[in-house]
Amino acid sequence: MAKAKAESGLPDPVVRWRELVDIVEDARQRYYVHDSATLSDVEYDAIFRELELLELAHPELVSADSPTQAVGGERSEMFEPVEHLQRLLSLDNAFSAEELAAWAGRLERELGSLPSLLCELKVDGLAVDIVYERGRLRSLATRGDGRVGEDVTYNVRFIPGIPRVLTPAPGHPVPDLVEVRGEVYFPVVDFDSLNAEMLELGLSPFANARNAGAGTLRQRVDRREQELAAARGRGAGERGAAAVARLQADLDRAVRRLARLQLVVHGVGIWQGHEPAAQSEAYVALRGWGLPTSDRIRIVERLDDVSEFIEFYGLHRHDVEHEIDGVVVKVDDLATQGRLGSTSRAPRWAIAYKYPPEVVRTRLLDIEVNVGRTGRVTPFAVMAPVKVAGSTVAMATLHNEQEVRRKGVLIGDLVFLRKAGDVIPEVLGPVVEERTGDERAFVMPTHCPSCGTMLAPSKEADVDIRCPNARSCSSQLRERVFHVASRAALDIEGLGFKAAVALLEEGVISDEGDVLLLGADDLRRSQFFTRDGGEGAERPLTANAEKLLVELEAAKARPLWRVLVALSIRHVGPTAAQALAREFGDLDVIAAASVDELSVVEGVGPIIAEAVLEWFGVDWHREVVDKWRRAGVRLTQEHVATGPRPLDGLTVVITGTVEGWSRDAATLAVQERGGKVSGSVSKKTDFVVVGENPGSKHEKAIALGRPVLDAAGFGVLLEQGPEAGREAALPPEE
């Protein structure tokens, strides 16, 4: 058989099976025992799926010790063993709606109809087994191989979130013996600071908060305490004092990390006493005894409702305090769970729907630099393209030279890459264990790659390196022209990056000042904005050119704050620009103001004030303003008569197309009444105004419980104030 396969050019299934088994077992050892994953979740899932399909095609390969027949995980020899009262199983995975439907179909065939299903979040933490005897904690153990785990009970004394004594609850007496299952996790809010600490120690960062939680829980704090006590007993002068200080710092760091751990309970094993009838009923009892259970569960009767739950948390996974990598769907009735039983590794009554991975591994091919519109030179990673969070990524910013050193990445490294939803891709750090010695360090250029000017920090304490040739550097020029047309600035549709490059390279414009002076005759000089009119005929303008001319006229009437943003003054974004426009009302007045006058404006401060003063002190910057003045750009803020300010101190987010309002008019209306307009929804947001196609901001507002207003409700808010606005808010289901 092997010979036939070899002759056909296909791999020998036996050889491939062994290769896959070796890869999976090595990955499990690193993941569960060493808390140092060198495969990303997506790589592991793909390899495990290939192994399952290979065994399905060749049943003779399946053996009792195959990874597909065993629960993932192993027990380290560093801890004492604990045998679980009831075996901890893994979960089968679904990666698509079709696979989820196939699982539900098997339930219907087995049971005659689809039973009630419990949906809950799949916490990306460390699976643990906790046993309470007569209400007191007996043991806390890791999953291990599903039968035997590691005894980490000693560490519970440092984890406030895990109760050591259960409190009886009305209607739910504490059983004489109860075994519960849960996930210990490291909160997302602490994850970045922990990784910064790892990088400072010269270690690979944790790929995700799950590894961080596992590494934190599986610490031998007792040994650290013993070593510290022994060092104190030895004394030995200055050298001994240094050793004591080092051991004390190490112990303190371990205890601080343990104190950050949280627990969420999601299952039961042995239960001696009055047993609940359903999983959801068990959760009520567990919560009553003081064990933390999730409040993000839902009991549903239809598969469509399961899909809705999955879709909702796919959009809102970053609103949760811990990392999640999917949704777990379980049969709620415990008797039915028992009837369905399990395979050798997973229950038939539950399945995990996995979301696309947000952390992957890829090769760092090079580190190049980009020169931005204010001259900042930013290193960025050029990587082997990889799919992460639903999109293919080949580049990621590295911010500055200091950040490259802090992360410890070398060109040629295998790196962990994170992309959380719409967030800009981020290189977390290198997979140090995979280095070959061929990697090389990044060296920041000394001269601008675009114009050759020597680079230098703009200020003595500035970590950013900049090209000082602001006026003539080709990179800065095209970035500034492109920025003028951006949505944050003058919002000129039709003037994208390619158009900006073409206008500069063809000599139609010399800088951003010329953009708003463009007319039809100017655009006819551009190949980009004209089309072939036939032999000897004048090249006519394209439809895009005609549209751009209309957009340019509209841009000249944009409010003053947008003009300020479009000028590319360092540090002046929409918030500071709105504050300056509101306070001074005229660009010439802003240009003539002192640092003291500028810095007292709320939301400005001395750094922005210095940047504004410095910008207007440059001759060619004032020439840009003069060109825009000649073009008819409005350089003053329209004011209405001073009246009541009912929105003083309130923050409003406007998203989508609000009927009867342009974005600028709606923003101005809020500002004139004392409110602030923000671009992002948070717990500090007071109102979210939604129009057509509001996108994720609307969804986040609902998740955070912020009042949501339609166009009519917005009018109520403006005219009658916040109390009436809250009464006019839409119900969450709308």
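Per an unreviewed UniProt entry, the recorded name for the protein chain is DNA ligase (NAD(+)), and the organism is freshwater metagenome. The protein chain has a UniProt comment under Cofactor (unreviewed entry) that states "Mg(2+)". Database annotation for the protein chain, UniProt heading Function (unreviewed entry): "DNA ligase that catalyzes the formation of phosphodiester linkages between 5'-phosphoryl and 3'-hydroxyl groups in double-stranded DNA using NAD as a coenzyme and as the energy source for the reaction. It is essential for DNA replication and repair of damaged DNA."

Visitor: Which parts of the structure should I look at to understand the overall build of the protein chain?
Guide: Of regular secondary structure, the protein chain possesses 26 helices and 22 strands. The buried share among the 734 residues of the protein chain stands at 48%. Intrachain contacts of the protein chain at a sequence separation of at least 6 include 66% that bridge at least 24 residues.

Visitor: Could you clarify how one ought to interpret the sheet that holds strand β5 (residues 136-142) in this entry?
Guide: Paired through their backbone hydrogen bonds, the strands of a sheet run either parallel or antiparallel. Here four strands make up an open sheet; going across it, the order is β5-β4-β7-β8 and the pairing antiparallel. At either margin of the open sheet sits one strand with a lone partner, and together these are β5 and β8 (262-272). Averaged over all neighbouring strand pairs, the angle between strand axes comes to 25 degrees, with direction disregarded. Inspection of the sheet shows strand β4 (residues 126-133) paired to β5 by six bridges, in the antiparallel sense. Bridging across to β5, Asp129 finds its partner in Ala141. Relative to β4, helix α6 (residues 209-217) is tilted by about 45 degrees, and along the sheet it contacts β4, β5 and β7 (177-185).

Visitor: What is the right way to read the sheet that holds strand β20 (residues 676-678) from this model?
Guide: Spatially, four strands are ordered β20-β19-β21-β22 in an open sheet, and the strand pairing comes out parallel. Taken across any chain shown, the strands that pair with only one partner, and hence form the sheet edges, are β20 and β22 (708-709). Pairing geometry for strand β19 (residues 651-655) and strand β21 (residues 687-690), over four bridges, is parallel. In the sheet register, Val653 faces β21, and the bridge partner there is Val688. Along the sheet, helix α23 (residues 663-672) contacts β19 and β20; its crossing angle with β19, the most-contacted strand, is approximately 170 degrees.

Visitor: Please clarify how the state of the cysteines should be interpreted in this entry.
Guide: Summed over the entire model, instances satisfying the criterion amount to zero disulfides. Counting only cysteine sulfurs, Cys451 is the nearest neighbor of Cys448, a cysteine outside any disulfide, at a range of 3.7 Å. By relative accessible area, Cys448 is classed as buried at 4%. Free cysteine Cys473: the closest other cysteine sulfur is in Cys448, separated by 3.8 Å. Residue class for Cys473 comes out buried when judged on its relative accessible area of 0%.

Visitor: Explanation requested: the side chain of Arg181 in the structure shown.
Guide: Summarising the element assignment, Arg181 is placed in strand β7. Apart from residues lying up to four places away in sequence, Arg181 is in contact with Gln86, Arg87, Leu88, Val128, Asp129, Val265, His266, Gly267, Val268 and Gly269.

Visitor: Can you walk me through the packing of helix α4 (residues 97-111) against helix α10 (residues 303-315) in this structure?
Guide: Geometry of a packed helix pair, given as the angle between the helix axes and the separation of the axes. Running from N to C, α4 and α10 cross one another at 145 degrees; their axes reach a closest spacing of 11 Å. Note that α4 runs across α10; the crossing there is right-handed. Each of Leu100, Ala101 and Ala104 in α4 lies in contact with α10, whose residues at this interface are Leu303, Val306 and Ile310. When the residues that make up the contact of α4 with α10 are grouped by side-chain class, the tally is six nonpolar, no polar and no charged.

Visitor: Teacher, can you tell me more about the packing of aromatic side chains here?
Guide: The geometry of an aromatic ring pair is captured by the separation of the ring centres together with the interplanar angle, meaning the angle of the planes. In the structure shown here, the tally under the stated rule is nine aromatic pairs. Seen in terms of ring centroids, Phe528 and Phe529 are 5.1 Å apart; in terms of plane orientation they differ by 75 degrees. Their pairing is edge-to-face. With a centroid separation of 5.1 Å and 65 degrees between ring planes, the pair formed by Trp661 and Phe714 is classed as edge-to-face. Within this pair, whereas Trp661 is found in the loop between β19 and α23, its partner Phe714 is found in helix α25 (residues 711-720), the two being separated by 53 residues in sequence. Owing to a relative accessible area of 0%, Phe714 belongs among the buried residues under this scheme. Taken together, the aromatic side chains of Phe309, Phe312 and Tyr313 make up a single cluster linked through ring pairs.

Visitor: What should I look at first to understand α6 in this one?
Guide: Working note: α-helix, 3.6 residues per turn, so residues spaced by three or four point in the same direction. When you tally the buried positions in α6, you get eight out of nine residues, the bulk of the element. Along α6, the residues classified as buried are Ala209, Arg210, Asn211, Ala212, Gly213, Ala214, Thr216 and Leu217.

Visitor: Looking at this structure, I do not really get the environment of Phe584. What am I missing?
Guide: Of note, Phe584 is situated in helix α18 (residues 574-584). Sequence separation between Phe584 and Leu598 is 14 residues, and the spatial gap between their C-alpha atoms is 9.2 Å. Apart from residues no more than four positions distant in its own chain, Phe584 is found in contact with Val589, Ile590, Ala593, Glu597, Leu598 and Val601.

Visitor: Teacher, can you tell me more about the pattern of salt bridges here?
Guide: Pairs may arise between side chains of opposite charge once their charged atoms sit close together. For the coordinates displayed, the defined rule picks out 36 salt bridges. In this structure, Arg302 engages Asp305 in a salt bridge whose closest nitrogen and oxygen atoms are separated by 3.0 Å. Here Asp522 and Arg525 are joined by a salt bridge, their closest N and O atoms 3.7 Å apart. What you see here is one network of salt bridges that share partners, running through Glu403, Arg406, Lys407, Arg418 and Glu426.

Visitor: Which parts of the structure should I look at to understand unusual backbone geometry?
Guide: Peptide bonds are mostly trans, and most non-glycine residues show a negative phi. Positive phi outside glycine occurs at His399, with the angle close to 70 degrees. Here His399 is to be found in the loop between β14 (391-397) and α12 (401-407). For His571, which is not glycine, the phi dihedral falls at a positive 75 degrees. Among the secondary structure elements, His571 is positioned in the loop between α17 (560-566) and α18.

Conventions we followed
- Residues numbered from 1 in each chain as written.
- Predicted model: local features only at pLDDT ≥ 70, side-chain atom pairs only at ≥ 80, totals over all residues.
- Heavy atoms only, no water.
- UniProt positions renumbered as here; feature names shortened; annotations may be inferred.
- Helix = DSSP H or I, 4+ residues; strand = E, 2+ residues; numbered from the N terminus.
- Buried < 20%, exposed > 50% of the residue type's maximum accessible area, 1.4 Å probe, protein only.
- Contact = heavy atoms within 4.5 Å.
- Pairing = 2+ DSSP bridges.
- Axes fitted to C-alpha atoms, helices over the stretch in contact; angles between N-to-C directions.
- Disulfide = S-S within 2.5 Å.
- Left-handed = near helix turned anticlockwise from the far one by under 90°.
- Nonpolar A, V, L, I, M, F, W, Y, C, P; charged D, E, K, R; others polar.
- Phe/Tyr/Trp six-rings, centres within 6.5 Å; stacked < 30°, edge-to-face > 60°.
- Salt bridge = Lys/Arg side-chain N within 4 Å of Asp/Glu carboxyl O.

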